[in-house]
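Next come the chains, spelled out residue by residue.
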Amino acid sequence: MSVLEIAKGMGITLSKLFQKPVTISYPEQPAQLKPRFRGRHVLTRHTGTGLEKCIGCSLCAAACPAYAIYVEAAENDPRDPVSPGERYAKVYEINMLRCIFCGMCEEACPTGAVVLGNEFEMADYRYGDFVYGKQDMLVGTQGSKPQRREAKKYKKAVKMGFQVTVRPELEGVKYLASREVSS
Ligand code: SF4
Ligand code: SF4
């Protein structure tokens, strides 16, 4: 290796010393996610009525390559419907340990009910806590189970290490925004 090549290499190293670092001190500094990032699922509602978009058809479960989704449908009570369809999802669960965040469920859903949001801080200890139910995914629920558990324990607001970006497809956010969703 010639002296010229060494000088050239050192020159590149020196030039990088004065550039702004691309790394951040996460989680102290919130992470900026790309617009198409796929994180924890959100179950959306219809704007205005607040009815759940999910009609319990199980197409998302059928499309899921990881068999991560479990849906149990029930008939809607016409006097107090949960969704605009004949049926709604009485049970809707996603096992986040199985999920590979591929987005196939989102693609398969005929009503746009299930959408992958941008929450990714879902580390937890017990297997059962990785199975997210409706109460963990309905629009307006912010923060993962452990984050909400911690916030409840210390009576503080949920702290997330990333910026929640507004997604137009997550309609009806205002409907539940003021409601407390327990973990
Ligand atoms: S993102 Fe993919 S793996 Fe995860 S629940 Fe949806 S279809 Fe299944
Ligand atoms: S999320 Fe969509 S595909 Fe899945 S059960 Fe509900 S309506 Fe059907």
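The model shown is predicted, which means the values in this text are computed figures rather than measured ones.

## Points about the overall build of the protein chain
Moving on, step 1. Each helix and strand counted, the protein chain has six helices and five strands in total.
Moving on, step 2. Moving toward the C terminus, one meets the helices and strands of the protein chain in the order α-β-α-β-β-α-β-β-α-α-α.
Moving on, step 3. Principal-axis analysis of the C-alpha atoms gives the protein chain an extent of 85 × 40 × 35 Å.
Moving on, step 4. Within the protein chain, buried positions represent 23% of all 183 residues.

## What to know about the environment of Glu121
Moving on, step 1. Relative to the assigned elements, Glu121 resides in the loop between β4 (114–116) and β5 (131–132).
Moving on, step 2. C-alpha of Glu121 to C-alpha of Gln19: the two residues are 102 residues apart in sequence and 30 Å apart in space.
Moving on, step 3. Residues within four places of Glu121 in sequence aside, it is in contact with Ser144, Gln147, Met160 and Gly161.

## A closer look at the site of ligand 1
Moving on, step 1. The immediate surroundings of ligand 1 are formed by 14 residues, with Cys64, Cys99, Cys102, Met104 and Cys105 found nearest.
Moving on, step 2. Split into classes, the residues belonging to the shell around ligand 1 amount to 13 nonpolar, one polar and no charged.

## Brief notes about the pairing of strand β3 (residues 87–95)
Moving on, step 1. Where strand β2 (residues 69–75) and β3 come together, seven bridges link them in antiparallel fashion. Residue pairing for β3: Ala73 is matched across the bridge by Ala89.
Moving on, step 2. Judged from the two bridges that link them, β3 and β5 form a sheet pairing that is antiparallel. Following the sheet pairing, Asn95 is matched in β5 by Val131.

## Let's talk about the environment of Arg40
Moving on, step 1. Looking at the secondary structure, you find Arg40 in the loop between α1 (3–17) and β1 (41–43).
Moving on, step 2. Overall, the presence of 22 C-beta atoms within 10 Å leaves Arg40 in the buried class.
Moving on, step 3. Taking the C-alpha atoms as reference points, Arg40 and Val131, separated by 91 residues in sequence, lie 12 Å from one another.

## Observations concerning the nonpolar core
Moving on, step 1. If you look at the biggest cluster of nonpolar residues, it comprises 24 residues, and the most contacted ones within it are Leu43, Cys54, Cys60, Ile69, Cys105 and Val114.
Moving on, step 2. It is β3 that provides the largest number of residues to this core, a total of four residues.
Moving on, step 3. Each residue touching Val114, except ones within four places of it in the same chain, is listed here: His41, Leu43, Cys60, Cys105, Glu106 and Cys109.

## Details of the site of ligand 2
Moving on, step 1. Lining the immediate surroundings of ligand 2 are 14 residues, of which Cys54, Cys57, Leu59, Cys60 and Cys109 lie closest.
Moving on, step 2. Looking at side-chain class alone, the shell around ligand 2 contains eleven nonpolar, three polar and no charged residues.

## Considering the environment of Thr111
Moving on, step 1. Mapped onto the secondary structure, Thr111 falls in the loop between α3 (104–108) and β4.
Moving on, step 2. Note: C-alpha distance between Thr111 and Cys57 (54 residues apart in sequence) is 9.9 Å.

## Things to note about unusual backbone geometry
Moving on, step 1. With omega at 5°, the peptide bond leading from Tyr26 into Pro27 counts as cis.
Moving on, step 2. Relative to the helices and strands, Pro27 is located in the loop between α1 and β1.
Moving on, step 3. With a phi close to 70°, Ser58 is a non-glycine residue in the positive phi region.
Moving on, step 4. Positionally, Ser58 belongs in the loop between β1 and α2 (59–63).
Moving on, step 5. You will see that Tyr67, though not glycine, has its phi angle at about 50°, which is positive.
Moving on, step 6. Residue Tyr67 is classed as exposed on the basis of its C-beta count, with 10 C-beta atoms lying within 10 Å.

## Re the sheet that holds β3
Moving on, step 1. The three strands are arranged β2-β3-β5 in an open sheet whose pairing can be described as antiparallel. Both outer strands of the open sheet, β2 and β5, are each paired with one neighbouring strand and no more.

## Section: α1
Moving on, step 1. With 15 residues, α1 should reach 21 Å at 1.5 Å per residue; the first-to-last C-alpha distance of 21 Å fits that figure.
Moving on, step 2. For α1, the buried fraction is low: zero of the 15 residues fall into the buried class.

Reading the values: rules and limits
Residues numbered from 1 in each chain as written. Chains lettered and ligands numbered in written order. Predicted model: local features only at pLDDT ≥ 70, side-chain atom pairs only at ≥ 80, totals over all residues. Helix = DSSP H or I, 4+ residues; strand = E, 2+ residues; numbered from the N terminus. Buried ≥ 20, exposed ≤ 12 C-beta atoms within 10 Å, placed from the backbone. Contact = placed C-beta atoms within 7 Å. Near = placed C-beta within 6 Å. Nonpolar A, V, L, I, M, F, W, Y, C, P; charged D, E, K, R; others polar. Pairing = 2+ DSSP bridges. Core = buried A, V, L, I, M, F, W, Y, C linked by C-beta atoms within 7 Å. Expected span 1.5 Å × (residues − 1).

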